[in-house]
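Summary of the model geometry
The residues making up each chain are set out below.
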Amino acid sequence: MSYTSSEMMTVAAARAVSNDDICFVGIGLPSAACNLARLTHAPRVTLIYESGTLETRPGVLPLSIGDPELCETALTTVAVPEMFRYWLQGGRITLGFLGGAQVDRFGNLNSTVIGDYAKPKVRLPGSGGATEIATSCGKTFIIMRHNPRSLVAQVDFVTSMGHGRSGVERQALGVKTQGPALLVTDLCIMTPDAATNEFVVASIHPGVTRERIQENTGWPVRFAQTVTETAAPTNVELQALRELNDRTARAHGVAASD
Amino acid sequence: MSYTSSEMMTVAAARAVSNDDICFVGIGLPSAACNLARLTHAPRVTLIYESGTLETRPGVLPLSIGDPELCETALTTVAVPEMFRYWLQGGRITLGFLGGAQVDRFGNLNSTVIGDYAKPKVRLPGSGGATEIATSCGKTFIIMRHNPRSLVAQVDFVTSMGHGRSGVERQALGVKTQGPALLVTDLCIMTPDAATNEFVVASIHPGVTRERIQENTGWPVRFAQTVTETAAPTNVELQALRELNDRTARAHGVAASD
Amino acid sequence: MAEIFNLSEAVARFVNDGDIVAMEGFTHLIPFAAGHEVIRQKRRDLTLIRMTPDILYDQLIGMGAARKLIFSWGGNPGVGSLHRLRDAIERGWPRPLEIEEHSHAGMANAFEAGAAGMPCAIFRGYQGSDLARVNPNIKFVTCPFTGEQLASVPAIRPDVSIIHAQKADRAGNVLVEGIVGVQKEAVLAARRAIATVEEIVDQLPTRSPNAVVLPSWTLSAVTAVPGGAHPSYTHGYYPRDNSFYIEWDEISRDREKFLAWMQTNVLEAHPEDFAARPPLRRIEITA
Amino acid sequence: MAEIFNLSEAVARFVNDGDIVAMEGFTHLIPFAAGHEVIRQKRRDLTLIRMTPDILYDQLIGMGAARKLIFSWGGNPGVGSLHRLRDAIERGWPRPLEIEEHSHAGMANAFEAGAAGMPCAIFRGYQGSDLARVNPNIKFVTCPFTGEQLASVPAIRPDVSIIHAQKADRAGNVLVEGIVGVQKEAVLAARRAIATVEEIVDQLPTRSPNAVVLPSWTLSAVTAVPGGAHPSYTHGYYPRDNSFYIEWDEISRDREKFLAWMQTNVLEAHPEDFAARPPLRRIEITA
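Our subject in this report is the structure included herewith. The residue count restarts for each chain, going from 1 along the sequence in the order it is written. A letter from A marks each chain and a number from 1 marks each ligand, given out in the order of writing. Restriction of local features to residues with pLDDT of at least 70 applies here, the model being predicted, together with a cutoff of 80 or more for giving and counting side-chain atom pairs; totals for whole chains, interfaces and linings are based on all residues. Water and hydrogen atoms were dropped before computing side-chain values, which therefore reflect all heavy atoms in the structure.

As for the overall build of chain A
- Only runs of H or I of at least four residues qualify as helices and only runs of E of at least two qualify as strands under DSSP, and these elements are numbered from the N terminus. Regarding its fold elements, chain A presents 8 helices and 14 strands.
- For a compact globule of 258 residues, the expected C-alpha radius of gyration is about 18 Å, and chain A comes in at 17 Å, within 12% of that figure.
- For the exposure calls, accessible area comes from a 1.4 Å probe over protein chains only, and a residue counts as buried if that area is under 20% of its type's maximum, exposed if over 50%, partly exposed in between. The buried share among the 258 residues of chain A stands at 65%.
- When checking whether two residues touch, look at their non-hydrogen atoms; a contact exists if any pair is within 4.5 Å. A fraction of 64% describes how many contacts in chain A between residues 6 or more apart in sequence connect residues 24 or more apart.
- In these tables, accessible area is a Shrake-Rupley quantity obtained with a 1.4 Å probe, and a residue counts as shielded only by the protein chains included in the view. Entry remark: accessible area of chain A is about 8,700 Å², with carbon and sulfur atoms responsible for 51%.
- Positive and negative side-chain charges of chain A, numbering 22 and 24 respectively, have mean locations separated by a distance of 3 Å. Atoms considered for the radius of gyration are the C-alpha atoms alone. The globule rule reads 2.2 Å times the number of residues to the power 0.38. Only four residue types enter the tally: Lys and Arg on the positive side, Asp and Glu on the negative side, with His and both chain ends excluded. Charge coordinates come from a single atom per side chain, which is NZ of Lys, CZ of Arg, CG of Asp or CD of Glu.

Have a look at this one:
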């Protein structure tokens, strides 16, 4: 089956989610990836949305973080202060999924402003849960479309710390969690270098060239010693994703994962 | 109708509770007084027990702070951390009822030890909610049997601050709530002197002499300029209290108010 | 003790110009009808607080009701930007908007601290984030036992909080169910509080001994406004009107179009109009 | 992820000599059956934590299982003293007992902080109380916004917490209802947690979307022990056995009588014995 680069990205992200993960799920790309994992190889993965829904099993992708579907299919629903104190800060979440407008090579994310904070060129929605998801989850996965406006040399604002502006600040601050462990885009998969914490290309999606990755990245890209080719989406994966998107479109009149 | 000094004490305490009060109720004498108020002149009084039961209407007096009756007749039941944070510390409670093993003239209460803390003569149950009830409720009423071992010159341990060891510490610490506003015993009613915060006798129960009060008090007792005689319990009050005690005895095999 | 008012009386009595106002609702139970009444009564210079300001706050800000916004995520959920919010921040239209920006954890802890009568909250947060650099209300304190640096934010104490909920009984006790967000904290943190509800019933259902119920004496006013959360939803009553959230993107992009829509649908409308607005529940589709 | 064990396996595997142990239950849902199993397995040098140590902790202390008690109210509720606790504190029998004493507010905040992964809690407490003088774990910190002095206590982080609850499903998710105390916080604050339940069902009831449910992955072991809270009670199952609380006063006054009772009713008994112990519900009497 043929597939789009968006589908490749979602499938690649979904594969990184395991049955043992307890995921703090954001709306959009992370939600599609986590639910695809649940509907394919990780049926026992635990999904948590910051609206307070614990162990939710939505049949369609939620349009907002607090859709009725999330609460109706959850084990239980807790208040938002409890969600952030007991469940996120309490260290119960193994995996946080984050996106943003900009990411740098050290996994620092900006979802606040483009330009200067006081005189923004573009005002973005802001942190939401992201600032503490980045430091309280066991590790974080980042999922973003690959282009030079998104993968930048310097983020305009650090909403959520990855490894810090120079890759060492996270450790210096004594943050105990792992931080950014994976960056999945529509072109490739990056993982942090063990020594420098810089994202390096670990796997390239089928048909994508190293040059195209560099052209779409705002910093000089490094490639791992062994770079693999990402396995193309299987028919099973594609079918599950497309059915999920179809159900979602029928329910909302819009495809929430796109 | 004839009555006991215990009944006089409970009735006198109940009369001080109003329909507008939101009461944090302790087990034993406070619980009997608050429920008697609810069953007589203050049907709309709001009773809260530290076990988390909001607006409870027990038909019998609870034997413990967490009896099923309290939860079954409550508007709702919250977790204990919420009870102490949102409801008590949050300033929602107008009136706290306290007892203890010892009280001094400034309303400081001891429910921790008789003797030295490290080598106690008698180890008492301890604070429970009392320490913060004493500072977080709008005001507190104290109810205790009147004898020289209980109304003492110096408490052995300040579990719950009244006005402080010399009557001025409460204000000096910046505590905003009123503190001890009433001491009801089986002999009399005391209220704090406006200038010194010392409990002075405001009303004497029928048949009790000033000498008997002094003999049973561990400090030189002062009497208000105008001391009234406490009105004897009415038939309505006595009947309500006795029916409550009878129901309680039948339910528990023990009279919880005595 | 909550009295049962109609909505316009409740807003007239309890919401003043210059107030610090929290209209809460985490995607669910957003008090649109009450917010529209605030707009109709032309309140000004409000400091608006909300974790997730969305369309309702976009409307208030676009109508010039607010001088300041305290928030942690400002967007049209699942759709994109709030154009009126952006226009106010980026271009000062219709008036400049001061912002105080937090993370969700910061706001949730600040609401919790407000409900708990505390002057501040402490939590493990804002580590390495530039938010701590731009917001002077984010400070750090030292744990007296471990020496760890912990973030601290001031408690949120609104002059008035406004929520929407499922049911009230005739005494004014209010039941909230489903995604309960920070509504309870918003009410308990506030000096005054208004709840709109779908219906007023003789007795609240007793499904669970631990149901989220706000006692009457925590509220100033309770008023029945069926459909009052539209276009958000009320669990057990009607679903979210997702198509309106998408339409709003178009309506709000243009100042004139926005003003025309507000004229027809808010200024010339009434609380009773909400009853007819929620969409019918779509057929359930499960995986 | 909770596995479904029998009680003796669960205690053997998850409770060790020297552990910090919280067996919580605020009058309701006290895990007596599990506590008795800890006594039978002869655990030693435990640090016992509980807001309201009552008969169960009197039994553990009287059998010499504990070296330290962290608590805020130690009594036989509605009856009087705990004689074994007093004997340990006042006369060191059967071994000296170290105590760390708090108020309920202090303990409740410390459990909350433990569940929240914090190193400490802050709250408005211990003002003017001698507890702050005798307990070095009560400190004061300054609010960075108002300058107010606030009390601080270290978070409670048990090695293992043990609770009793109404129901679990076959995946090990546990429902707690009624007076829920600090049980949820005790479980979430602990490294390991054991829940005994009245019954294991195919599916938890869905009375309320906001029911207090502990997900399976917050627990180490779940085990069905019908009647396991006796002589305390399980809301919806059986009432409190008030007469036993009164009898305990007599049993526990005398060391020999206590030891004889423990021999018969604990050391030679089994978890299954609890099923027959709860009293029938008395006829409801309402005012």
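On we go.
Describing the packing of aromatic side chains
- Two rings from Phe, Tyr or Trp (for Trp, the six-membered ring) form a pair when their centres sit within 6.5 Å of each other. Planes less than 30 degrees apart are called stacked, planes more than 60 degrees apart edge-to-face, and all others tilted. This model, assessed by the stated rule, comprises 20 aromatic pairs over all chains.
- Arranged with centres 5.7 Å apart and planes meeting at 65 degrees, the rings of C:Phe123 and C:Tyr126 form a pair that is edge-to-face.
- Residue C:Phe123 is classed as buried on the basis of its relative accessible area of 1%.
- Judged by relative accessible area, C:Tyr126 falls into the buried class, the value being 1%.
- For the pair D:Phe244 and D:Trp261, a centre-to-centre distance of 5.6 Å together with 45 degrees between the ring planes defines the contact as tilted. Taken as a pair, D:Phe244 in helix α8 (residues 242-253) and D:Trp261 in helix α9 (residues 255-267) lie far apart in primary sequence, 17 residues in all. We note that D:Phe244, like D:Trp261, is buried.
- One aromatic cluster in this structure is built from C:Phe244, C:Trp248, C:Phe258 and C:Trp261.
- For a lysine, the NZ atom is tested; for an arginine, the CZ atom; a charge sits over a ring if that atom is within 6 Å of the ring centre and within 35 degrees of the ring normal. When the ring centre of B:Phe223 is taken as reference, the NZ or CZ atom of B:Arg210 above it lies at 4.4 Å.
- Across the ring face of D:Phe258, the terminal group of D:Arg84 is positioned such that the distance to the ring centre comes to 5.6 Å.

Comments concerning unusual backbone geometry
- The amide bond that connects C:Trp93 to the next residue, C:Pro94, takes the cis arrangement and shows omega of 0 degrees.
- As for its position among the elements, C:Pro94 is in the loop between α4 (83-91) and β5 (98-101).
- With an omega dihedral of 10 degrees, the bond running from D:His230 to D:Pro231 counts as a cis peptide bond.
- Here D:Thr27, not a glycine, exhibits a phi torsion of approximately 70 degrees, which is positive.
- Counting through the fold element by element, D:Thr27 comes out in the loop between β2 (20-23) and α2 (32-40).
- One non-glycine residue, D:Leu29, lies in positive phi territory at about 55 degrees.

Side note on the sheet that holds strand β8 (residues 149-154) of chain C
All names here are of chain C.
- If you trace the 3 strands from one edge of the open sheet to the other, you get β6-β8-β7, paired in antiparallel fashion. The open sheet has two free edges, formed respectively by β6 (120-123) and β7 (139-142), since each of these has just one partner strand. Across the sheet, the mean angle separating the axes of adjacent strands is 40 degrees when strand polarity is ignored.
- Strands in contact with helix α5 (residues 104-115) are β6 and β8; relative to β6, the strand with the most contacts, it is inclined by about 135 degrees. Strand pairing is defined by DSSP finding a minimum of two bridges between the two strands. Structural elements are reduced to axes, namely lines fitted to C-alpha atoms, with helices fitted over the stretch in contact, and the angle between N-to-C directions of any two is expressed from 0 to 180 degrees.

Focus on the side chain of D:Ser252
Residues and elements named next belong to chain D.
- Locating Ser252 in the fold gives a position in helix α8.
- A polar contact is formed between the side chain of Ser252 and the backbone oxygen of Trp248, at a distance of 2.7 Å.
- When neighbours within four sequence positions are excluded, Ser252 is seen to be in contact with Asp58, His83, Arg84 and Phe258. The term polar contact refers here to a pair of N or O atoms within 3.5 Å; inside protein, the definition further demands a hydrogen-donor-capable atom paired with an acceptor-capable atom, and it admits residues adjacent in sequence only when both atoms are side-chain atoms.

A few points about the interface of chain B and chain C
- Facing the 17 residues of chain B at the interface are 18 residues of chain C.
- When two parts are brought into contact, each loses some accessible area as probed by a 1.4 Å sphere; the total of that loss over both is the buried area. For the pair chain B and chain C, the summed buried surface comes to about 1,600 Å²; carbon and sulfur atoms form 54% of the total.
- Throughout this description, the term salt bridge denotes a Lys or Arg side-chain nitrogen within 4 Å of a carboxyl oxygen of Asp or Glu. Counting the contacts that link chain B with chain C gives 2 salt bridges.
- For C:Lys184, the salt bridge identified is with B:Glu82, shortest N-O distance 2.6 Å.
- In this assembly, chain B and chain C are joined by 10 residue pairs in polar contact (both at pLDDT 80 or more).
- Among the secondary structure elements, those contributing two or more residues to the side of chain B that touches chain C are β2 (46-49), β4 (76-77) and α4 (80-89) of chain B.
- Gly falls in the polar group here, along with every residue not listed as nonpolar (Ala, Val, Leu, Ile, Met, Phe, Trp, Tyr, Cys, Pro) or charged (Asp, Glu, Lys, Arg). Grouping the constituent residues of the side of chain B that touches chain C by class yields 8 nonpolar, 5 polar and 4 charged.

What to know about the pattern of salt bridges
- Throughout the structure, instances matching the rule amount to 54 salt bridges over all chains.
- Here C:Arg91 and C:Asp87 are joined by a salt bridge, their closest N and O atoms 2.7 Å apart. Taken together, the residues C:Arg91 and C:Asp87, both in helix α4 and 4 residues apart, mark about one turn of the helix.
- For C:Arg91, a relative accessible area of 53% gives the class exposed.
- Two residues, D:Glu199 and D:Lys167, come together in a salt bridge whose shortest N-O distance is 3.9 Å. Remark: D:Lys167 occurs in strand β9 (residues 160-169) and D:Glu199 occurs in strand β11 (residues 192-201); sequence separation between them is 32 residues.
- D:Lys167 sits in the buried class, given a relative accessible area of 15%.

A look at helix α2 (residues 29-39) of chain B
All names here are of chain B.
- Most of α2 sits inside the fold, with 10 of its 11 residues counted as buried.
- What α2 keeps buried is the set Leu29, Pro30, Ser31, Ala32, Ala33, Cys34, Asn35, Leu36, Ala37 and Arg38.
- Structurally, α2 contributes buried residues whose contacts are with α1 (5-15), β1 (22-25), β2, β5 (95-98), β10 (139-143) and α8 (235-252).

Structural notes on the interface of chain C and chain A
- Between chain C and chain A, the residue contacts involve 51 residues of the former and 49 residues of the latter.
- When chain C packs against chain A, close to 4,100 Å² is buried across both sides, 61% of that on carbon and sulfur atoms.
- If you look at where chain C meets chain A, you find 2 salt bridges.
- Across the pair C:Glu101 and A:Arg123 runs a salt bridge, and its minimum N-O distance is 2.5 Å.
- Across the contact surface, chain C and chain A share 19 residue pairs in polar contact (both at pLDDT 80 or more).

Some points on the side chain of B:Thr53
- By the element assignment, B:Thr53 lies in strand β3 (residues 53-54).
- When near neighbours in sequence (up to four residues on either side) are disregarded, B:Thr53 contacts B:Leu47, B:Ile48, B:Leu70, B:Cys71, B:Ala74, B:Thr76, B:Thr77, B:Met83 and D:Ile179.

Some words on the sheet that holds strand β7 (residues 139-142) of chain D
Residues and elements named next belong to chain D.
- Across the sheet, which stays open at both edges, the 3 strands sit in the order β6-β8-β7 with antiparallel pairing between neighbours. Two strands lie at the open edges of the sheet, namely β6 (120-123) and β7, each paired on one side alone. Ignoring which end each strand starts from, the neighbouring axes of this sheet average 40 degrees apart.
- Strands β6 and β8 (149-154) of the sheet are contacted by helix α5 (residues 104-115), whose axis makes an angle of about 135 degrees with β6.

Observations regarding the packing of helix α3 (residues 55-62) of chain C against helix α9 (residues 255-267) of chain C
Residue and element names in this part refer to chain C.
- Closest axis-to-axis distance for the α3/α9 pair is 11 Å, and the angle between their directions is 100 degrees. Here α3 lies roughly perpendicular to α9, going by the angle between them. Contact residues: α3 offers Asp58, Gln59 and Gly62, while α9 offers Phe258, Trp261 and Met262.
- Classifying every residue of the contact of α3 with α9 gives 3 nonpolar, 2 polar and 1 charged. Our angle categories are set so that under 35 degrees counts as roughly parallel, over 145 as roughly antiparallel, 65 to 115 as roughly perpendicular, and the remainder as oblique.

Structural notes on the pairing of β2(B)
All names here are of chain B.
- Burial along β2 is two-sided: the face carrying Thr46 and Ile48 and the face carrying Leu47 and Tyr49 are both buried.
- The pairing of β1 with β2 spans 4 bridges and is classified as parallel. Counterpart to Ile22 in the pairing with β2 is Thr46.

Let's talk about the environment of D:Phe274
Residue and element names in this part refer to chain D.
- Locating Phe274 in the fold gives a position in the segment after α9.
- The class of Phe274 is buried, set by a relative accessible area of 1%.
- Along the sequence, Phe274 and Glu3 sit 271 residues apart, while their C-alpha atoms lie 22 Å from each other.
- Dropping the residues within four chain positions of it, Phe274 is found in contact with Phe32, Ala33, His36, Val225, Pro226, Gly227, Gly228 and His230.

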